[in-house]
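Chain and residue survey
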Amino acid sequence: MAVRPVMVNVKALDHAAVGRFWAQALGWSAYSPGETTYVGPPGGLVWPDPVAVGIDVVPVPERRAPVKNRVHLDLASTSAAHQAELVARLRALGATPVDVGQGDVPWTVLADPEGNEFCVLESREVYRDTGPVAAVVVDCADPRAMARFWGEALDWTLREVTDDSAVFRSAKDVGPYLEFIRTGDARTVPDRVHLDLLPGPGDDLPAEVARLRALGATDLDVGQGDVPWTCLTDPEGHEFCVLAPPA
């Protein structure tokens, strides 16, 4: 039994507009199968995607708090020229430069139309085959503790762990990385962006949730009511949802 990341969940006042931005940013497609906007690779809606981690933009009435999100996307580039072209195109789509204290770094920090931060990375060999999303990045206080919890929780492989980072990727070595980066920032507001996870085929959702609780996850009530998924937090309080397997 294990879960895998299938979506990055983004809360937005205007889910359709934010979904369109991300679809254009990534060269993907925006789908509206219900009251949310799902962004995934082009060619028709496939869920769960076998490789990509999609983006599910969900409507909320509250504006984003003026604090840095603890989860963000890193976008890949293939050269200095491609990075510059990508940044220019994203700004034309409505992204804005933001300062999160990054200093003089080779990547560019931007925010989507509702202020959610993301990075456009310089060309890095490690991300040559990830697709447009190089990594889903999670700020944390203790990467080694995150490696222990998520290493047991996920069916992804722990590629590297140090005092500064813990890095996961799918066992098939495809798609984006999942990186826990030590920042020491304390959680002060509910997460605007979080991971949605899916049990494996044939796995039982209640049993998988019980297993995650035994690993150190905690139940979370965000007013979700009677829904077919379960909201939890990891040992550092990062929110995530475990979705029901597709019928």
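Before reading further, recall that the structure is shown in the block above.
Here we summarise the structure given alongside this text. Here the structure is a predicted model, which means the values were calculated and not measured.

Some words on the overall build of the chain
A count of helical and extended segments in the chain gives 4 helices and 16 strands. Here the C-alpha radius of gyration of the chain, 17 Å, is about what a compact globule of 247 residues would show, namely 18 Å. Principal-axis analysis of the C-alpha atoms gives the chain an extent of 50 × 40 × 35 Å. Looking at the chain residue by residue over its 247 residues, the buried ones come to 48%. Restricting the contact set of the chain to residue pairs at least 6 apart, pairs at least 24 apart contribute 61%. As displayed, the chain has an accessible area near 11,400 Å², and 54% of this comes from carbon and sulfur atoms. If you average the places of the 21 positive and of the 36 negative side-chain charges in the chain, the two averages end up 2 Å apart.

Here we look at the layout of surface pockets
Approximately 1,100 Å³ is the volume attributed to the largest pocket. What lines the largest pocket is a set of 45 residues, and nearest its centre among them are Asn9, Lys11, Val58, His194 and Val222. Contributions of two or more residues to the lining of the largest pocket are made by strand E1 (3-12), strand E4 (54-59), strand E13 (193-199) and strand E16 (239-242). Its residues assigned to classes, the lining of the largest pocket comprises 23 nonpolar, 7 polar and 15 charged. Around the second largest pocket sit 20 residues that line it, and His72, Trp107, Cys119, Val137 and Ile181 are the ones nearest its centre. Among the secondary structure elements, those contributing two or more residues to the lining of the second largest pocket are strand E5 (71-75), strand E8 (117-120), strand E9 (133-140) and strand E12 (177-182). Take the lining of the second largest pocket: its biggest share by element is 3 residues, from E12. Residue classes in the lining of the second largest pocket are distributed as 7 nonpolar, 5 polar and 8 charged.

A look at helix H4 (residues 205-215)
Each turn of an α-helix holds 3.6 residues, which means side chains three or four residues apart point in the same direction. Residues of H4 that are buried: Leu205, Glu208, Val209, Arg211 and Leu212. The arc that holds the buried residues of H4, viewed along the axis, is 155°, so those residues lie on one side. In H4, those exposed residues whose orientation departs by more than 90 degrees from the buried face are Pro206 and Ala214. Among the structural elements, E1, helix H3 (143-153), E13, strand E15 (230-233) and E16 are those in contact with the buried residues of H4. Sitting at the amino-terminal end of H4 is aspartate 204, which places a side-chain oxygen 2.9 Å from the backbone nitrogen of alanine 207. With its phi angle positive at about 125°, glycine 216 sits one or two positions after the end of H4.

A short note on the nonpolar core
Ranked by size, the top nonpolar core spans 51 residues in total, and within it Trp22, Leu90, Phe118 and Trp150 carry the most contacts. It is helix H1 (residues 15-26) that contributes the most residues to this core, 6 residues altogether. If near-sequence neighbours (up to four positions away) are discounted, tryptophan 22 is found in contact with Val39, Ile55, Leu73, Leu75, Asp112 and Phe118. Ala76, Val109, Tyr127 and Ala135 belong to the second largest nonpolar core, which has 10 residues in total.

Some remarks on the packing of aromatic side chains
According to the stated counting rule, one finds 9 aromatic pairs in the structure shown. Pairing phenylalanine 21 with phenylalanine 118 gives two aromatic rings, centres 6.1 Å apart and planes at 55°, and the pair type is tilted. On the criterion of sequence distance, the pair formed by phenylalanine 21 in helix H1 and phenylalanine 118 in strand E8 is long-range, its members being 97 residues apart. Each member of the pair, phenylalanine 21 together with phenylalanine 118, is buried. Aromatic pair phenylalanine 149 and tryptophan 150: ring centres 5.0 Å apart, planes at 90°, arrangement edge-to-face. Of the residues examined, tryptophan 150 reaches a relative accessible area of 2% and is grouped as buried. Linked through ring pairs, Phe149, Trp150, Phe168, Phe180 and Phe240 together constitute an aromatic cluster.

Conventions and cut-offs
Residues numbered from 1 in each chain as written. Predicted model: local features only at pLDDT ≥ 70, side-chain atom pairs only at ≥ 80, totals over all residues. Heavy atoms only, no water. Helix = DSSP H or I, 4+ residues; strand = E, 2+ residues; numbered from the N terminus. Rg over C-alpha atoms; globule rule 2.2 N^0.38 Å. Buried < 20%, exposed > 50% of the residue type's maximum accessible area, 1.4 Å probe, protein only. Contact = heavy atoms within 4.5 Å. Areas by Shrake-Rupley, 256 points an atom, 1.4 Å probe, with all protein chains shown as cover. Lys, Arg positive; Asp, Glu negative; His and termini not counted. Charge placed at Lys NZ, Arg CZ, Asp CG, Glu CD. 1 Å grid on protein atoms, 1.4 Å probe; cavity = no way out; pocket = protein on both sides within 12 Å on 5 of 7 lines; lining within 4 Å. Points joined across faces, edges and corners; volume = space filled by probe spheres on them. Nonpolar A, V, L, I, M, F, W, Y, C, P; charged D, E, K, R; others polar. Arc of directions from axis to C-beta. Polar contact = N/O pair within 3.5 Å; in protein donor to acceptor, adjacent residues only side chain to side chain. Core = buried A, V, L, I, M, F, W, Y, C linked by side-chain atoms within 4.5 Å. Phe/Tyr/Trp six-rings, centres within 6.5 Å; stacked < 30°, edge-to-face > 60°.

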